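Per-entry structural report
So the chains spell out like this:
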Amino acid sequence: MTPLIQVEELKRLMDSGAPYRLFDCRFDLTNPSAGFQSYQEGHIPTAAFADLDHDLAGTKNGRNGRHPLPEISEWEATCARLGISFDVPVIVYDNQGGMFAVRLWWMLRACGHPQVGILNGGYAAWLKEELPSTTGIETYSSTTVPPLKIYSQLFTVDQIVGNLKDAHYKILDARSADRYRGENETLDPVGGHIPGALNRFFKDNLNEQGFFKSPSQLREEFLAVIGNTPSEQIIHQCGSGVTACHNLFAMELAGLPCAGIYSGSWSEWCSDSNRPVATGL
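Below you will find a few notes about this structure. Owing to the predicted nature of the structure, the values given are computational and were not obtained by experimental measurement.

As a further point, take the overall build of the protein chain. Scanning the protein chain from N- to C-terminus turns up 10 helices and 10 strands. Computed over its C-alpha atoms, the radius of gyration of the protein chain comes to 18 Å, within 12% of the 19 Å expected for a compact globule of 281 residues. By residue count, 53% of the 281 residues in the protein chain fall in the buried class. Counting contacts in the protein chain only where the partners sit at least 6 residues apart, residues at least 24 apart contribute 78% of the total. Entry remark: accessible area of the protein chain is about 12200 Å², with carbon and sulfur atoms responsible for 50%. Charge centroids of the protein chain, computed over 22 positive and 32 negative side chains, lie 3 Å from each other.

Turning to the pairing of strand β5 (residues 116–119), a few remarks are in order. Where burial is concerned, the two faces of β5 agree: the one with Val116 and Ile118 and the one with Gly117 and Leu119 are both buried. Note: strand β1 (residues 4–5) against β5, 2 bridges, orientation parallel. If you follow leucine 4 over to β5, its bridge partner there is isoleucine 118. Where strand β4 (residues 90–93) lies against β5, 3 bridges are found, and the strand directions are parallel. Each bridged residue has a counterpart across the sheet, and for valine 92 the counterpart in β5 is isoleucine 118. The β-α-β motif built from β4, the intervening helix α4 (residues 101–110) and the parallel element β5 has right-handed crossover chirality.

Once that is clear, we can look at the sheet that holds strand β2 (residues 21–24). Read from one edge of the open sheet, 5 strands run β1-β5-β4-β2-β3, paired in parallel fashion. Looking at the sheet topology across the chains shown, the edges are occupied by β1 and β3 (48–49). Sheet topology note: the β2/β3 ladder contains 2 bridges and is parallel. Note that in β3 the partner of phenylalanine 23 across the bridge is alanine 48.

Within the largest apolar cluster, 72 residues are counted, with the highest numbers of intra-cluster contacts made by Phe23, Trp75 and Trp106. Take this core: its biggest share by element is 8 residues, from α4. Setting aside residues no more than four positions away along its own chain, tryptophan 75 makes contact with Asp55, Leu56, Pro70, Leu104, Met107, Leu108, Cys111, Leu148 and Tyr151. Within the second largest apolar cluster, 13 residues are counted, among which are Phe155, Ile160, Ile171 and Cys270.

The N-to-C vectors of α4 and helix α9 (residues 244–253) enclose an angle of 70°; their axes lie 9 Å apart at closest approach. Classified by the angle between their axes, α4 and α9 sit roughly perpendicular to one another. Between α4 and α9 lies a crossing of left-handed hand. Of the residues in α9, those touching α4 at Val102, Arg103, Trp105, Trp106 and Arg109 are Cys245, His246, Leu248, Phe249 and Glu252. A breakdown of the residues in the contact of α4 with α9 according to their chemical character gives 6 nonpolar, 1 polar and 3 charged.

A few words on the pairing of strand β9 (residues 234–237). In the case of a regular strand, side chains alternate between the two sheet surfaces. Taking every second residue as pointing to the same face, both faces of β9 are buried, with Ile234 and His236 on one and Ile235 and Gln237 on the other. Relative to strand β10 (residues 260–262), β9 is paired through 2 bridges, and the arrangement is parallel. Across the sheet, the residue bridging to histidine 236 is isoleucine 261, located in β10.

What follows is about the environment of aspartate 24. Topologically, aspartate 24 is positioned in strand β2. A relative accessible area of 0% places aspartate 24 in the buried class. Ignoring any residue separated from it by four or fewer positions in sequence, one finds aspartate 24 in contact with Tyr39, His43, Ala47, Ala48, Phe49, Ala50 and Tyr93.

Enumeration according to the criterion identifies 1 cavity of 30 Å³ or more in this entry. Estimates place the volume of the largest cavity at around 60 Å³. Considering the residues around the largest cavity, the lining is formed by Tyr93, Asp94, Gly97, Gly98, Ile118, Leu119, Asn120, Gly121, Gly122, Leu206, Gly210 and Phe212. A breakdown of the residues in the lining of the largest cavity according to their chemical character gives 5 nonpolar, 6 polar and 1 charged.

For the structure on display, the rule yields 13 salt bridges. In this structure, aspartate 188 engages arginine 179 in a salt bridge whose closest nitrogen and oxygen atoms are separated by 3.3 Å. Across this residue pair, the class does not change: aspartate 188 and arginine 179 are buried. A single salt-bridge network, built from bridges that share partners, covers Arg66, Asp173, Arg175, Arg179, Glu185 and Asp188.

What counts and how
- Residues numbered from 1 in each chain as written.
- Predicted model: local features only at pLDDT ≥ 70, side-chain atom pairs only at ≥ 80, totals over all residues.
- Heavy atoms only, no water.
- Helix = DSSP H or I, 4+ residues; strand = E, 2+ residues; numbered from the N terminus.
- Rg over C-alpha atoms; globule rule 2.2 N^0.38 Å.
- Buried < 20%, exposed > 50% of the residue type's maximum accessible area, 1.4 Å probe, protein only.
- Contact = heavy atoms within 4.5 Å.
- Areas by Shrake-Rupley, 256 points an atom, 1.4 Å probe, with all protein chains shown as cover.
- Lys, Arg positive; Asp, Glu negative; His and termini not counted.
- Charge placed at Lys NZ, Arg CZ, Asp CG, Glu CD.
- Pairing = 2+ DSSP bridges.
- Right-handed = clockwise from strand over helix to strand, strands pointing away.
- Core = buried A, V, L, I, M, F, W, Y, C linked by side-chain atoms within 4.5 Å.
- Axes fitted to C-alpha atoms, helices over the stretch in contact; angles between N-to-C directions.
- Parallel < 35°, antiparallel > 145°, perpendicular 65-115°, else oblique.
- Left-handed = near helix turned anticlockwise from the far one by under 90°.
- Nonpolar A, V, L, I, M, F, W, Y, C, P; charged D, E, K, R; others polar.
- 1 Å grid on protein atoms, 1.4 Å probe; cavity = no way out; pocket = protein on both sides within 12 Å on 5 of 7 lines; lining within 4 Å.
- Points joined across faces, edges and corners; volume = space filled by probe spheres on them.
- Salt bridge = Lys/Arg side-chain N within 4 Å of Asp/Glu carboxyl O.

Here is the structure:
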């Protein structure tokens, strides 16, 4: 399975009778119940719902960010409850250009799932082709999940602090430019960015129709930001470790493999006043 799935490919898979799992990941950071409500009002047939707060994040303690990764044992249990089998393809989507679906894509991929794809254009692209939708709630039967390996490509706050000194890695911040500069911050108590971080707003990975740009265009645009830094030395970060996955996904589409994700991201970083904060460009 290719990482980016087109609507016609999903339709063929659904018609083939082959096993798959389809998950709707819509969410709203300012109204956490809105995604599930939208899903109930209409979604792609057979899609179950994966909630960012309840399924794709662990327990917050005030120091580990707004969407901390669940412990690996907790993630195993969630996969089993959602019916995710690691020998069955998984396709994920939302209605926000992959903004939240990428989190589930990355979490599965980082634990070794070999077949996970993101639906290009999401629910809007499905409806544009005049394909059917359904209402209500759908679920898959629970399954048994073998012990998962710990998240690969995952960086901790201590590693990011250490990187301030040796600067082996370059941090790429996926938030909007104004939040990166420390302006108009509404989600976190402190504005600014990790010193030395570069900025690439994740929405710049999409064209005007809400589809991912071509690999060649993405490659050109990312190289314009990271310059001579090898892509393997890029660590992605955002506000809470969600849209950072969007930039990682886009770079991999562009043939630029990355070091990984700092999942705690800005919301974890700024929770400790001893950590330095940069503002402006």
